[in-house]
Amino acid sequence: MRISETSDVWWKTAVIYCLDVETFMDWNDDGVGDFQGAAERLDYLAELGVTCLWLMPFYPTADRDDGYDITDYYGVDPRFGTAGDFVELVHTARDRGMRVIVDLVVNHTSDRHPWFKASRSSTTSPYRDFYVWRDDEPPDTTKEVVFPDQETSIWEYDEKSAQWYLHRFYRCQPDLNITNPQVRDEIVKVLGYWLELGISGFRVDAVPFMLQTDGVDAAELERFPDPHEYLRSLRSFVGRRTGDGILLGEVNLPHKDQKTFFGGRDGDELTMQFDFIGMQNTYLALARQDARPLVRALQKRPATSRQSQWATFLRNHDELTLDKLSDAERQEVFAAFGPDPAMQLYGRGLRRRLPTMLEGDPRRIRMAYSLMFSLPGTPVLFYGEEIGMGENLDVEGRLAVRTPMQWSDQPNGGFSGARSSRLPRPMVDGAFGPEHVNVAQQRTDPSSLLEFIALLIRRYRESPELGWADFKVLDQPHRHVLAHESAWDDRRIVAVHNLSPESCIVPLHLEGCDRSAHLIDLLQSTQDTSIDDAGRCEVALDGYGYRWLRLGSHTSKRLA
Ligand code: GLC
């Protein structure tokens, strides 16, 4: 395949960076981040090597779920700027070689959305059927609630109309009735609107809930026999309108169920899905210092087609969910990375960032990111990961990891010149606060985490086999080591990661190789590793060591 062809499928090898405009950079010093601030930081992101921004919700909101409770799908929150400022951000990003995708939150609206206000105003409202209502008292649904600290049921009684409405998340987020063709038309218009403003697709919130039709009357269900058909229609709509736009779905389900969300053999539903199972097993592997849970997860992970891709990540904006591990496994991860109940959330997750969980150990943190970037898939970073930000446990719930970006050691970490009481939430303090962890200081330090992440991104981008690869785990004798090979076209990369603090030698057998080949280290300048005529070689690893090794020959044209 020619390199030019791979750029048509840009998302297979993208580097995605998630940011919340509210907490990224405040340009007018009113205390709240804004589009202009984000635009001013695009050069920083381009220099880091990011190729796609994912903007968390920036729409008008009742702000009871940090913007995931939208009151107007066609607007921007005036605190962040205007629609014009949004367009300027997208335009400038494109100029710097970056695409933009935005959150699409259409499982539910805010209860202050005009549709819901109209819907609850009377049982005969034309908008009544935009939401899911029931007459009879709902059964016990305590086990189904997503936020068990706040909710006890997924149904809320509405005094005014004397019926219950469905809400999978908070009660202030009534679920839209996807079986209603009018609702589906409205959703498509929302997609069309933002695509027309120059974005390259959507991060689709809560996809399984969005397609679920439990609670809807049987008669209404006939209007919507196949939810996946609807997902297919959204994908083809995005394709028709943009040519290469994507749907990156949040589907936290076992791998076998995720497979159905990619669609048929051609991959005609979600373009990408976050690999929640791989992520959870990475933490289990890190906690145990044993690569096998991750190996098992990767080996069972369904292969992607040319039309689909896994999005790999270590941390996102929510709690670090461990819900797909067994109870005993989850307790192991809690014990290793968040033993204090104040660090845990909903009994299933941790509200910490990676560096604090790894006690700030630079070797281990780098190994974890090296591992993530070396796995087949498209890496996704959450803002601040590149400098090793921590969390603020004094901030409520999931918001502990959504503190303002730390740009410098100035007041408010250089995020805003406003009084600190006006910030969306307090900065991190202590060892991971802006005095010690910030962009300005790391930019000028070649040994910083920021420079290391930039190196990983450069190498990832130079190595399309990591995005496109046929992937296999290589046999070797150490439990605490993951050795894997990604091969695509005429390229092959071997990556070797040591999850334990003990150094070791890893013997490997590389099929089809002889002494005419050797392994070139892509991350550090060491001597090439030689291979014998039987394809055998030995790779040395420090404690928490990591190596990316490109298979080269003396006649190779590759840079490295
Ligand atoms: C998704 C988001 C989360 C939000 C929820 C409801 O899970 O990631 O932050 O609270 O959907 O929209």
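For every chain, the first residue of its written sequence is number 1, and the numbers climb from 1 along that sequence. Note on the predicted model: pLDDT of at least 70 is required for a residue's local features to be given, and 80 or more for side-chain atom pairs to be given and counted; whole-chain, interface and lining totals, by contrast, use all residues. Hydrogens and water are ignored here; the side-chain numbers use all heavy atoms of the structure.

In this section: the layout of surface pockets. Any empty space left between the atoms is revealed when a probe the size of a water molecule rolls over them. Cavities and pockets are defined on a 1 Å grid built over the protein atoms alone: a cavity is a set of grid points where a 1.4 Å probe fits but cannot escape, while a pocket is an open set with protein on both sides within 12 Å along at least five of seven lines, and lining residues are those with an atom within 4 Å of any such point. Grid points are joined across faces, edges and corners, and a volume is the space filled by probe spheres set on the points. In this model, the largest pocket occupies a volume close to 660 Å³. Together, 31 residues line the largest pocket, and Val 146, Phe 169, Phe 209, Glu 250 and Asn 252 are the ones closest to its centre. Polar here means any residue other than Ala, Val, Leu, Ile, Met, Phe, Trp, Tyr, Cys and Pro, which are nonpolar, and Asp, Glu, Lys and Arg, which are charged; Gly is therefore polar. A class-by-class count of the residues in the lining of the largest pocket yields 11 nonpolar, 7 polar and 13 charged. For the lining of the largest pocket, the domains that each give at least three residues are domain 1 (3–106 + 181–279 + 307–316 + 364–390 + 405–419 + 432–461) and domain 2 (114–166). If you go around the second largest pocket, you meet 21 residues; those closest to its centre are Ser 7, Trp 10, Thr 13, Thr 51 and Arg 461. Taken together, the residues of the lining of the second largest pocket break down into 9 nonpolar, 7 polar and 5 charged. The domain boundaries here were taken from an automatic or database domain assignment.

What follows deals with the pairing of strand β17 (residues 491–498). Counting buried positions along β17 yields 8 of 8 residues, so the element is predominantly enclosed. Neither face of β17 is left uncovered, since the one carrying Arg 491, Ile 493, Ala 495 and His 497 and the one carrying Arg 492, Val 494, Val 496 and Asn 498 both have all their residues buried. With 8 bridges joining them, strand β16 (residues 481–488) and β17 adopt antiparallel strand pairing. When the bridges of β17 are listed, His 484 appears paired with Ala 495. Linking β16 to β17, which pair antiparallel, is a turn of 2 residues; within it Asp 489 sits at a positive phi near 60°. At least two bridges found by DSSP between two strands are what make those strands a pair. Where helices and strands are cited, they refer to DSSP runs of H or I of at least four residues and of E of at least two residues respectively, numbered from the N terminus. Looking at chain direction, β17 and strand β22 (residues 546–553) are connected through 5 bridges and run antiparallel. Across the sheet, residue His 497 finds its bridge partner in β22, namely Tyr 546. Throughout, exposure labels follow a simple rule: accessible area from a 1.4 Å probe, protein chains only, divided by the maximum for the residue type, with under 20% read as buried, over 50% as exposed, and the rest as partly exposed.

We now examine the nonpolar core. The term nonpolar core refers to a set of buried residues drawn from Ala, Val, Leu, Ile, Met, Phe, Trp, Tyr and Cys, joined through side-chain atoms within 4.5 Å. Counting 143 residues, the largest nonpolar core has Tyr 17, Leu 45, Phe 58, Phe 86, Phe 202, Tyr 283 and Met 405 as the members making the most contacts within it. For this core, the leading source of residues is helix α18 (residues 449–462), giving 9 residues. Discounting residues that sit within four places of it in the chain, Leu 45 has contacts with Tyr 17, Leu 19, Phe 24, Val 50, Leu 53 and Met 98. Between two residues, a contact is recorded if the distance between any of their heavy atoms is within 4.5 Å.

Let us now look at α18. Helices are assigned an expected span. That span is 1.5 Å times one less than the residue count. For α18, built from 14 residues, the straight-helix expectation of 20 Å at 1.5 Å per residue is met to within 8% by its first-to-last C-alpha distance of 20 Å. Of all the residues in α18, the buried ones are Leu 449, Leu 450, Phe 452, Ile 453, Ala 454, Leu 455, Leu 456, Ile 457, Arg 459 and Tyr 460. Packing partners of the buried residues in α18 comprise α4 (42–48), α16 (362–374), β14 (378–382), α17 (439–443), α19 (465–468) and β22.

Let us look at empty space enclosed by the protein. Enumeration over the complete set of coordinates arrives at 3 cavities of 30 Å³ or more. Asp 275, Gly 278, Met 279, Thr 282, Leu 294, Leu 298, Thr 312, Phe 313, Leu 314, Met 372 and Leu 375 together form the lining of the largest cavity. Breaking the lining of the largest cavity down by element, the ones donating at least two residues are α12 (276–288) and α13 (292–300). Examining the composition of the lining of the largest cavity, we find that 3 residues originate from one element, α12, more than from any other. Class assignment of the residues belonging to the lining of the largest cavity gives a composition of 7 nonpolar, 3 polar and 1 charged. A volume near 50 Å³ is recorded for the second largest cavity. In this structure, the second largest cavity is lined by Asn 107, Val 132, Leu 166, Arg 168, Asp 175, Leu 176, Asn 177, Ile 178, Phe 209, Met 210, Gln 212 and Val 216. Taken together, the residues of the lining of the second largest cavity break down into 7 nonpolar, 3 polar and 2 charged.

Turning our attention to the domain arrangement of the protein chain. Domain annotation of the protein chain identifies domain 1 (3–106 + 181–279 + 307–316 + 364–390 + 405–419 + 432–461), domain 2 (114–166) and domain 3 (470–553). Listed by partner, the interface residues are 16 residues for domain 1 and 16 residues for domain 3. As a working definition, buried area equals the accessible area (1.4 Å probe) given up by two parts on being put together, with both sides summed. Summed over the three residues of domain 1 that lose the most area to domain 3, namely Met 367, Ser 374 and Arg 459, the buried surface amounts to 37% of that side. Salt bridges are defined as contacts in which a side-chain nitrogen from Lys or Arg sits within 4 Å of a carboxyl oxygen from Asp or Glu. Inspection of the region where domain 1 meets domain 3 yields 0 salt bridges. Polar contact is the term for a pair of N or O atoms within 3.5 Å; when the atoms are in protein, one must be able to donate a hydrogen and the other to accept it, and sequence-neighboring residues count only if both atoms are side-chain atoms. Here domain 1 and domain 3 share 6 residue pairs in polar contact (both at pLDDT 80 or more) between them. At the level of secondary structure, the elements contributing two or more residues to the side of domain 1 that touches domain 3 comprise α1 (3–8), α16 and α18. Sorting elements by how many residues they give to the side of domain 1 that touches domain 3 places α16 first, with 7 residues. Per-class residue counts for the side of domain 1 that touches domain 3 are 10 nonpolar, 3 polar and 3 charged.

It is worth spelling out the packing of aromatic side chains at this point. Only centres within 6.5 Å qualify two rings of Phe, Tyr or Trp (six-membered ring in Trp) as a pair; their planes then separate them into stacked at under 30 degrees, edge-to-face at over 60, and tilted for everything else. All told, the structure shown has 37 aromatic pairs when counted by the stated rule. Here the aromatic rings of Tyr 44 and Trp 407 are separated by 5.1 Å at their centres, their planes lie at 80°, and the arrangement is edge-to-face. Of this pair, Tyr 44 sits in helix α4 while Trp 407 sits in the loop between β14 and α17, and the two are 363 residues apart along the sequence. The pair Tyr 44 / Trp 407 is uniform in exposure class, with both members buried. Seen in terms of ring centroids, Tyr 157 and Trp 164 are 4.8 Å apart; in terms of plane orientation they differ by 55°. Their pairing is tilted. Through a chain of ring-to-ring contacts, the aromatic side chains of Phe 35, Phe 58, Tyr 59, Tyr 74, Phe 80, Phe 86, Tyr 193 and Trp 194 assemble into a single cluster.

Looking at the element boundaries, Ala 38 is found in helix α3 (residues 35–40). For Ala 38, a relative accessible area of 3% translates into the label buried. The sequence separation of Ala 38 and Phe 24 amounts to 14 residues, and the corresponding C-alpha distance is 6.4 Å. Look past the residues within four positions of Ala 38 in its chain and what remains in contact with it is Phe 24, Met 25 and Leu 89.

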